[in-house]
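Okay, here's what each chain looks like letter by letter:
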Amino acid sequence: MEKVIPDPVLSAFELPLRQTFYPLGYPLVLQTNSVEVIAAASEGWGAFRQTFDEAPVRFCLGVLEGDGGALPLESVVRSREHMMSIVADPENFVVCDFNRGFAFGWVTENTAADHPLLRYRFLISGAATLIDQRAFASLHGALVVRNGVGVMLAGNSFAGKSTLAYACARAGWTYVSDDGAFLVRERDDRYVVGDPHTIRFRPDAPELFPELADRLVTIRPNGKVAIELLTRDLELETAAGCNVAHVVYLNRAPAARPCLGRISKERVREDWLHHAVYGTNEVRQAQRRCQERMLTAHLWEMQYSEPDDAVARLERLVDSGA
């Protein structure tokens, strides 16, 4: 009689589909049993081209039959040393091993079919943690470039980072990213990469930019309402990364005239502390050294009200240095 060896933990489950993507330019091999997973990854990462000549990280994401219920609004994320778990529920989760550059997880068919949800909750979160641990030190900010001079727009939510980044881009600047800045750890300068292929706006953006009036407002997987567009549809000049010369913290206030002043390294350093809080001590220390390198840029705080006035003030900053 043939002996049946069960596989209760699905360790031998076949994942026959395999494709290499380059999120942020870094190679990632994705394995799955679902064309939906490949399609969702292609929609998010297909426009990226390889810029890092490194061994790829690997991501195995299986899809099982069944629809399951609606996912909780937020995943539970936990990390210790070189491991991280991202759990929406028992049927939808990802586990990452930073030391091996490997992640695996499972989702249901319903989750896989919802491409924006799949990308935001599982693909991007899993891949971003692997790649960040391998090569980057991530910060929260938008990136734009004028005449080869990179500017990082920082600040709290609703400070207007995406809005001002787009205002700069439509005024002739080069657009790099609206929300994520990833410092390259292996370099000794302040070179930062981002996602130049997408841009997100608040629903009231058409009040400032009439050309966005016919764009569809959607509910993003994080529950926020936004207009999310491909930059190629807006005919913006884009770049994969830039060297940052100025970090500008935004303080948007009604009827405020553009006013630029210095901000202390101590204040910026304190704000950046929460960006290197997981992974091994070695990686976190490397990320903090990278942040210290970024603190050698010119650090500013700008109060403003109208984006066009802010763009003019930033242009003067880049052109004259103050």
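Presented here is a report on the structure given in the accompanying data block. The written sequence of each chain sets the order in which its residues are numbered from 1. Confidence filtering applies because this is a predicted model: local features only for residues at pLDDT of at least 70, side-chain atom pairs given and counted only at 80 or more, and all residues used for totals across whole chains, interfaces and linings. Think of the side-chain values as coming from all heavy atoms in the structure, minus any hydrogens and water.

**Let's talk about the overall build of the protein**
How we decide: Put simply, DSSP marks the helices as runs of H or I at least four residues long and the strands as runs of E at least two long, and each gets a number from the N terminus on. Every radius of gyration here is taken over C-alpha atoms, with the globule rule written as 2.2 Å times N^0.38, N being the number of residues. Only heavy atoms enter the contact rule, under which two residues are in contact if any of them lie within 4.5 Å. Accessible surface is estimated by sampling points in the Shrake-Rupley manner with a 1.4 Å probe; for residues, cover comes only from the protein chains shown. Here the positive residues are Lys and Arg and the negative ones are Asp and Glu; neither His nor the chain ends is included. We put the charge of a Lys on NZ, of an Arg on CZ, of an Asp on CG and of a Glu on CD.
Scanning the protein from N- to C-terminus turns up 8 helices and 19 strands. At 21 Å, the protein has a C-alpha radius of gyration in line with the 20 Å of a compact globule built from 322 residues. Across its three principal directions, the C-alpha atoms of the protein cover 85 × 45 × 30 Å. Considering only contacts within the protein whose residues lie at least 6 apart along the sequence, 69% involve residues at least 24 apart. Summing over all exposed atoms, the protein offers an accessible surface of approximately 16100 Å²; the carbon and sulfur share of this is 50%. Between the mean site of the 34 positive side-chain charges and the mean site of the 42 negative ones, the protein shows a separation of 7 Å.

**What about the packing of aromatic side chains?**
Inclusion rule: In this analysis, rings of Phe, Tyr and Trp, with Trp reduced to its six-membered ring, are considered paired at centre separations within 6.5 Å, and the interplanar angle assigns stacked below 30 degrees, edge-to-face beyond 60, and tilted for intermediate values. Buried means the residue's accessible area, taken with a 1.4 Å probe over protein chains only, is under 20% of the maximum for its type, while exposed means over 50%, and partly exposed covers the values in between. Note on geometry: a ring has a charge over it if NZ (lysine) or CZ (arginine) is within 6 Å of the ring centre and within 35 degrees of the ring normal.
Throughout the structure, instances matching the rule amount to 10 aromatic pairs. Measuring from ring centre to ring centre gives 4.8 Å for Tyr-166 and Phe-209, while their planes differ by 85 degrees; the resulting arrangement is edge-to-face. One end of the pair, Tyr-166, is in helix H4 (residues 161-170); the other, Phe-209, is in the loop between strand S14 (198-201) and strand S15 (218-219), and 43 residues separate them in sequence. Exposure class is identical for Tyr-166 and Phe-209. Each is buried. Residue placement shows Arg-187 over the ring face of Tyr-191; its charged tip is 4.3 Å from the ring centre.

**What about the pairing of strand S5 (residues 83-89)?**
Definition in use: Two strands qualify as a pair provided that DSSP identifies no fewer than 2 bridges between them.
Pairing between strand S4 (residues 76-80) and S5: 5 bridges, direction antiparallel. By the bridge assignment for S5, Val-77 is matched with Ile-86. Between the end of S4 and the start of S5, which pair antiparallel, lie 2 residues, with Glu-81 showing a positive phi angle near 55 degrees. Pairing geometry for S5 and strand S6 (residues 92-97), over 6 bridges, is antiparallel. Considered in S6, the bridge of Met-83 is made with Asp-97.

**Observations regarding helix H1 (residues 35-45)**
Keep this limit in mind: Think of it as the arc spanned by the lines of direction from the helix axis to the C-beta atoms. Definition of a polar contact: a pair of N or O atoms within 3.5 Å, with one able to donate and the other able to accept a hydrogen when the atoms are protein atoms, and with sequence-neighbouring residues admitted only if both atoms are side-chain atoms.
Within H1, the full set of buried residues consists of Val-37, Ile-38, Ala-40, Ala-41 and Trp-45. Down the axis of H1, the buried side of the element spans an arc of 165 degrees, and every buried residue falls inside it. Backbone nitrogen of Glu-36 and a side-chain oxygen of the N-cap are separated by 3.0 Å at the start of H1; the cap is Ser-34.

**Section: the pattern of salt bridges**
We apply this condition: Here a salt bridge means any side-chain nitrogen of Lys or Arg lying within 4 Å of a carboxyl oxygen belonging to Asp or Glu.
As enumerated under the stated definition, the model contains 11 salt bridges in all. Its salt-bridge partner being Arg-146, residue Glu-315 comes within 3.5 Å of it at the nearest N-O pair. Here Glu-315 is found in helix H8 (residues 307-320), whereas its partner Arg-146 is found in strand S9 (residues 142-146), with 169 residues between them in sequence. Close ionic contact of Asp-319 with Arg-146 constitutes a salt bridge, the shortest N to O distance being 2.9 Å. Of this pair, Asp-319 sits in helix H8 while Arg-146 sits in strand S9, and the two are 173 residues apart along the sequence.

**Some thoughts on the sheet that holds S6**
Formally: Between N-to-C directions, angles cover 0 to 180 degrees, with each direction set by a line fitted to C-alpha atoms, over the stretch in contact for helices.
Strand order in the open sheet formed by 7 strands is S1-S2-S3-S7-S6-S5-S4, with mixed pairing between adjacent strands. Every interior strand has two partners, whereas the edge strands, strand S1 (17-21) and S4, have only one. Going from strand to strand, the sheet's axes swing by 15 degrees on average, the running direction of each strand aside. Relative to the sheet, H1 contacts S1, strand S2 (28-32) and strand S3 (57-64), its axis offset from that of S1 by approximately 10 degrees. Relative to S3, helix H3 (residues 115-135) is tilted by about 160 degrees, and along the sheet it contacts S2, S3, S5, S6 and strand S7 (102-108).

**Quick word on H8**
Threshold: For a helix, the expected span equals 1.5 Å multiplied by the number of residues minus one.
With 14 residues, H8 extends 20 Å between its outermost C-alpha atoms, agreeing within 8% with the 20 Å of an ideal straight helix rising 1.5 Å per residue. When H8 is considered as a whole, its buried residues turn out to be Pro-307, Ala-310, Val-311, Arg-313, Leu-314, Leu-317 and Val-318. Seen from one end, H8 has its buried residues packed into an arc of 165 degrees, which puts them on one side. Exposed side of H8, more than 90 degrees from the buried face: Asp-308 and Ser-320 are the residues found there.

**Overview of the nonpolar core**
Basically, it comes down to this: Here the nonpolar core consists of buried residues drawn from Ala, Val, Leu, Ile, Met, Phe, Trp, Tyr and Cys, with membership extended through side-chain atoms lying within 4.5 Å.
Counting 38 residues, the largest nonpolar core has Leu-30, Leu-123 and Phe-136 as its most contacted members. Of all the secondary-structure elements, those providing two or more residues to this core are S2, H1, S3, S5, S6, S7, H3 and strand S12 (180-184). Top contributing element to this core by residue count: H3, with 8 residues. Aside from chain neighbours lying at most four places away, what touches Leu-30 is Leu-17, Arg-18, Gln-19, Phe-21, Val-37, Ile-38, Ala-41, Phe-59 and Leu-123. Judged by nonpolar contacts, the second largest core, of 33 residues, contains Val-144, Ala-159, Leu-212 and Leu-250.

**Here we look at a negative patch on the surface**
Convention followed: Two joining distances apply to patches: 9 Å for like charges and 5 Å for nonpolar side chains (Val, Leu, Ile, Met, Phe, Trp, Tyr), and every residue must have over 30% relative accessible area and no salt bridge.
Taken together, the side chains of Glu-65, Asp-67, Glu-91 and Glu-109 present a region of like negative charge at the surface. Relative to the helices and strands, Glu-65 resides in the loop between S3 and S4.

**Focus: the packing of H4 against H8**
Packed helix pairs are characterised by how far apart their axes lie and by the angle those axes make with each other. Defined as follows: Any angle that is under 35 degrees is reported as roughly parallel, and any over 145 degrees as roughly antiparallel; angles of 65 to 115 degrees are reported as roughly perpendicular and all others as oblique. Rotating anticlockwise by less than a right angle from the far helix to the near helix defines a left-handed crossing, while the corresponding clockwise rotation defines a right-handed one. Gly falls in the polar group here, along with every residue not listed as nonpolar (Ala, Val, Leu, Ile, Met, Phe, Trp, Tyr, Cys, Pro) or charged (Asp, Glu, Lys, Arg).
Following both chains from N to C, one finds H4 and H8 inclined at 70 degrees, their axes separated by 9 Å at the closest point. The orientation of H4 relative to H8 falls into the category roughly perpendicular. Viewed along their axes, H4 and H8 form a crossing whose handedness is right-handed. Where H4 approaches H8, its residues Thr-163, Leu-164, Ala-167, Cys-168 and Arg-170 are matched on the opposing element by Pro-307, Asp-308, Ala-310, Val-311 and Leu-314. Residue composition of the contact of H4 with H8, by class: 7 nonpolar, 1 polar and 2 charged.

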